[in-house]
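# Tertiary structure, described
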Amino acid sequence: VQFVESGGGLVQPGGSLRLSCAASGFSFSSYAMNWYRQAPGKEREFVAGISNTGGTTNYAVAVKGRFTISRDNAKQTVYLQMSSLKPEDTAVYYCTTNWRGLNYWGQGTQVTVSS
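Reference entry: report on the structure contained in this document. Please read these numbers as outputs of a predicted model, since none were measured by experiment.

## Some details on the nonpolar core
Core analysis: the biggest nonpolar cluster contains 28 residues, and Met33, Trp35, Val78, Leu80, Met82 and Tyr93 have the highest contact counts within it. Of all the secondary-structure elements, those providing two or more residues to this core are strand S3 (17-24), strand S4 (33-38), strand S5 (45-50), strand S7 (67-72), strand S8 (77-82), strand S9 (91-99) and strand S11 (109-113).

In structure tokens form, the structure reads like this:
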């Protein structure tokens, strides 16, 4: 199981970014996917999740209404569209799934929101 995240970078407050996570090594379309993030000095926290079909999504309170999770099972990729970004969104963002009882994580992509 492997994930490769991309799309992070430096953005001004109020800006937007779209993160991508390309998956391989398992039956992507059979598994729910999640995005987590970890800010400096803080614990890793849940951001958003999506069911295997994409029909169900859920979000952390802090990002609801600003972030949108989606997936393309044909491309084995999950996305996180982030809008109205705030400095407190600065973190390393990770995609993850639970496959056969184990949690698998990508290497993360850095998002920095700063003027």
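## Topic: the pairing of S8
S8 sits mainly inside the fold: 5 of its 6 residues count as buried. Here S3 runs beside S8; their pairing, made up of 6 bridges, is antiparallel. By the bridge assignment for S8, Ala22 is matched with Thr77.

## So, unusual backbone geometry
If a residue is not glycine, its phi is most likely negative; likewise, a peptide bond is most likely trans. Here Ser84, not a glycine, exhibits a phi torsion of approximately 50°, which is positive. Here Ser84 lies in the loop between S8 and S9. Here Ser84 falls in the partly exposed class, since its relative accessible area comes to 41%. Not every positive phi belongs to a glycine, and Arg100 is a case in point at roughly 55°.

Reading guide: rules and limits
Residues numbered from 1 in each chain as written. Predicted model: local features only at pLDDT ≥ 70, side-chain atom pairs only at ≥ 80, totals over all residues. Heavy atoms only, no water. Core = buried A, V, L, I, M, F, W, Y, C linked by side-chain atoms within 4.5 Å. Buried < 20%, exposed > 50% of the residue type's maximum accessible area, 1.4 Å probe, protein only. Helix = DSSP H or I, 4+ residues; strand = E, 2+ residues; numbered from the N terminus. Pairing = 2+ DSSP bridges.

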